[in-house]
Amino acid sequence: MYFCGLVFFSSLSLLSLSPSWLGACCGETQLPVPAGAASGAGRRRSPGHPSAPPGRPRAPLLRPRAPPGHPPAPLRPRHRPHGGSSPRLRGPGAARPGPARSGAMVPELEKATVRIQQPERVLGIIRAIKEQGMNKLQVISDFDMTLSRFGCNGRRCPTSHNILDNSRVISEDGKKKLKDLLHHYYPIEIDPNRTLEEKRPLMVEWWTRAHELLSQQKIQKGDIAQIVRESEVMLRDGFNEMFDQLHKYNVPLFIFSAGVGDILEEIIRQANVFYSNVNVVSNYMDFDDNGVLRRFKGPLIHTYNKNNSVLQGTEYFQQLSTRTSIILLGDSMGDLTMADGVPSVENILKIGFLNDKVEERRGKYLDAYDIVLESDETLDVVNGILRYILIKT
């Protein structure tokens with residue numbers, strides 16, 4: 001999505017947020033742009049790319065300059081009068097898994113940011129994944145606003161598109177046109193009265209038009225690393241532990257993103273966690289022989305087509321056919337289909353980051369995701385679950 005102006009969580013508006021696109025940086029407002037495309041799904045590039053030059057300080061976007069924390073979500077009292085159910089753990093017979101259950105297994109599930117509609121079912125899935133073993137496990141994750149932070153100190157952090165759209169390489173006229181696209185398409189993307197069938201062709205139209213605008217900016221491939229280095233993007237607190245654990249135990253991490261693959265790969269690379277077990281499918285730039293952006297490769301990946309339809313020919317999931325236990329991480333309804341290409345699924349745990357419009361969207365997220373994390377800028381819960389599954393006790 002696109003974003004214009006400093007936007008605070010307390011006064012979010014049309015220009016503020018879309019889980020896929022929008023995001024003002026922490027410390028600087030940014031104007032996001034959609035992703036789109038043209039030739040073969042993106043793939044993981046060699047992790048051996050050089051990072052920042054020796055002696056150059058690590059990008060501030062990868063290190064929060066404020067103490068760990070997140071904007072507080074408006075939570076109702078845990079217990080309601082007259083026998084009402086807990087707002088954190090809703091559903092027929094739902095009750096908060098107490099310390100003897102979830103706390104003993106995964107203490108992080110006791111965090112105030114956690115909501116679970118069917119706690120016993122969730123604990124059962126986690127136990128089943130552990131019983132199957134690490135050799136059966138794979139993690140499938142969105143990137144923007146899932147692995148990267150949604151906000152910091154009340155301001156939006158940039159997505160992979162925002163980093164590019166608000167950089168010095170985009171003309172003022174280009175930024176204005178991208179913002180105009182936002183005003184037109186963003187209300188459509190979030191319209192609860194439109195069906196997915198209505199939204200999909202319009203999202204294709206938005207992503208395509210945005211990428212055409214970007215392709216007119218003569219973006220240099222050699223500028224990508226510096227563009228990321230100068231941005232204010234931040235990975236979620238605890239990203240090092242998550243990436244390190246998955247690499248140590250050889251658990252594949254599949255990042256399925258509607259963002260800009262070249263940008264998000266550079267973010268991971270500069271964070272020094274682009275390990276050999278990390279594979280990325282996203283919208284990649286296509287540069288000419290002089291290193292100038294001429295178009296985006298396809299197929300185009302947008303918010304609502306993150307499924308097997310854009311993975312044709314990659315054979316990624318077929319190569320991991322024995323990995324039948326899945327932990328899925330996302331921040332939108334479109335992320336729920338990311339595991340559709342897995343040939344055989346025995347256990348799947350869906351963890352959703354509810355970053356924006358919490359009260360309005362809580363019900364749908366609780367119905368769709370097994371665990372919902374409200375305004376939580378950390379990977380604490382994910383890391384806690386991974387520790388329980390991967391570390392023998």
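Examining the overall build of the protein chain
Part 1 of the argument: Looking only at helices and strands, one finds 11 helices and 11 strands in the protein chain.
Part 2 of the argument: Out of the 393 residues belonging to the protein chain, those deemed buried represent 58%.
Part 3 of the argument: Relative to all contacts within the protein chain whose residues are 6 or more apart in sequence, the contacts with residues 24 or more apart total 76%.

Notes on the pattern of salt bridges
Part 1 of the argument: For the structure shown, the criterion picks out 22 salt bridges.
Part 2 of the argument: Residue arginine 387 is joined to glutamate 241 by a salt bridge in which the shortest nitrogen-to-oxygen separation is 2.3 Å. Of this pair, arginine 387 sits in helix α11 (residues 380-390) while glutamate 241 sits in helix α7 (residues 239-248), and the two are 146 residues apart along the sequence.
Part 3 of the argument: Accessibility expressed as a relative area gives 31% for glutamate 241, which makes it partly exposed.
Part 4 of the argument: For lysine 306, the salt bridge identified is with aspartate 335, shortest N-O distance 2.7 Å.

Quick notes on the sheet that holds strand β11 (residues 371-374)
In a beta sheet, neighbouring strands pair by backbone hydrogen bonds and run either parallel or antiparallel.
Part 1 of the argument: Within the open sheet, the 7 strands sit side by side as β1-β11-β10-β9-β2-β5-β6. Their pairing is mixed. Sheet topology places β1 (114-115) and β6 (278-283) at the edges, where each strand pairs with a single neighbour.
Part 2 of the argument: Pairing of β1 with β11, which is carried by 2 bridges, proceeds in the antiparallel orientation. Directly across from arginine 115, in β11, lies its bridge partner valine 372.
Part 3 of the argument: Lying on the sheet, helix α2 (residues 119-132) is in contact with β2 (137-141), β9 (325-330), β10 (347-354) and β11; it crosses β10 at an angle near 125°.
Part 4 of the argument: Docked against the sheet, α7 engages β2, β5 (253-260), β6 and β9, running at close to 135° with respect to β5.

Brief notes about the packing of helix α4 (residues 172-190) against helix α5 (residues 196-215)
Part 1 of the argument: Contact geometry for α4 and α5: axes closest at 10 Å, N-to-C directions at 165°. In terms of orientation, α4 lies roughly antiparallel with respect to α5. Considering how the two elements wind past one another, α4 and α5 form a crossing that is left-handed. On the side of α4, the interface is formed by Lys177, Leu178, Leu181, Leu182, Tyr185, Tyr186, Ile188, Glu189 and Ile190, while α5 contributes Lys199, Leu202, Met203, Glu205, Trp206, Arg209, Ala210, Leu213 and Leu214.
Part 2 of the argument: Class assignment for the residues of the contact of α4 with α5 results in 13 nonpolar, no polar and 5 charged.

Topic: α7
Part 1 of the argument: Taken together, the buried positions of α7 are Phe239, Met242, Phe243, Gln245 and Leu246. Looking straight down α7, one finds that the buried residues subtend no more than 160° of arc, so they occupy a single side.
Part 2 of the argument: In this structure, the buried side of α7 is in contact with β2, β5, α8 (261-270), β6, β9 and α11.
Part 3 of the argument: Phi turns positive, to about 55°, at asparagine 250, one or two residues after α7.

Here we look at the environment of aspartate 237
Part 1 of the argument: Here aspartate 237 is to be found in the loop between α6 (224-230) and α7.
Part 2 of the argument: Separated by 142 residues in the primary sequence, aspartate 237 and leucine 379 place their C-alpha atoms 6.1 Å from one another.

Section: the nonpolar core
Part 1 of the argument: Within the largest apolar cluster, 98 residues are counted, with the highest numbers of intra-cluster contacts made by Ile327, Ile371 and Ile385.
Part 2 of the argument: Sort the elements by how many residues they give to this core and α11 lands first, with 7 residues.
Part 3 of the argument: With sequence-adjacent residues up to four places away left out, isoleucine 371 is seen in contact with Leu109, Val114, Arg115, Ile116, Val122, Leu349, Lys350, Ile351, Gly352 and Ile385.

Considering the packing of α7 against α11
Part 1 of the argument: Across the interface, α7 lies against α11 with an axial gap of 9 Å and an inter-helix angle of 25°. Judged by the inter-axis angle, α7 sits roughly parallel to α11. Relative to α11, α7 is oriented so that their crossing is left-handed. In this structure, α7 contributes Glu241, Met242, Gln245 and Leu246 to the contact, and α11 contributes Val382, Asn383, Leu386, Arg387 and Leu390.
Part 2 of the argument: Its residues placed into classes, the contact of α7 with α11 shows 5 nonpolar, 2 polar and 2 charged.

Quick look at the packing of aromatic side chains
Part 1 of the argument: Inspection of the entire model under this criterion finds 7 aromatic pairs.
Part 2 of the argument: Pairing tyrosine 185 with tryptophan 206 gives two aromatic rings, centres 5.7 Å apart and planes at 10°, and the pair type is stacked. Of the two residues, tyrosine 185 sits in helix α4 while tryptophan 206 sits in helix α5, which places them 21 residues apart along the sequence. The residues tyrosine 185 and tryptophan 206 share a single accessibility class, namely buried.
Part 3 of the argument: Taken together, a centroid distance of 5.6 Å and an interplanar angle of 65° make the contact between phenylalanine 254 and phenylalanine 256 edge-to-face.
Part 4 of the argument: A residue is classified by how much of its surface remains accessible, and phenylalanine 254, at 0% relative accessible area, is buried.
Part 5 of the argument: Its relative accessible area of 0% is what places phenylalanine 256 among the buried residues.
Part 6 of the argument: Each member of the aromatic cluster is reached from another via a ring pair, and the members are Phe254, Phe256, Tyr316 and Phe317.

Rules of the game
- Residues numbered from 1 in each chain as written.
- Predicted model: local features only at pLDDT ≥ 70, side-chain atom pairs only at ≥ 80, totals over all residues.
- Heavy atoms only, no water.
- Helix = DSSP H or I, 4+ residues; strand = E, 2+ residues; numbered from the N terminus.
- Buried < 20%, exposed > 50% of the residue type's maximum accessible area, 1.4 Å probe, protein only.
- Contact = heavy atoms within 4.5 Å.
- Salt bridge = Lys/Arg side-chain N within 4 Å of Asp/Glu carboxyl O.
- Pairing = 2+ DSSP bridges.
- Axes fitted to C-alpha atoms, helices over the stretch in contact; angles between N-to-C directions.
- Parallel < 35°, antiparallel > 145°, perpendicular 65-115°, else oblique.
- Left-handed = near helix turned anticlockwise from the far one by under 90°.
- Nonpolar A, V, L, I, M, F, W, Y, C, P; charged D, E, K, R; others polar.
- Arc of directions from axis to C-beta.
- Core = buried A, V, L, I, M, F, W, Y, C linked by side-chain atoms within 4.5 Å.
- Phe/Tyr/Trp six-rings, centres within 6.5 Å; stacked < 30°, edge-to-face > 60°.

Interpretation in functional terms is not warranted from these geometric data alone.
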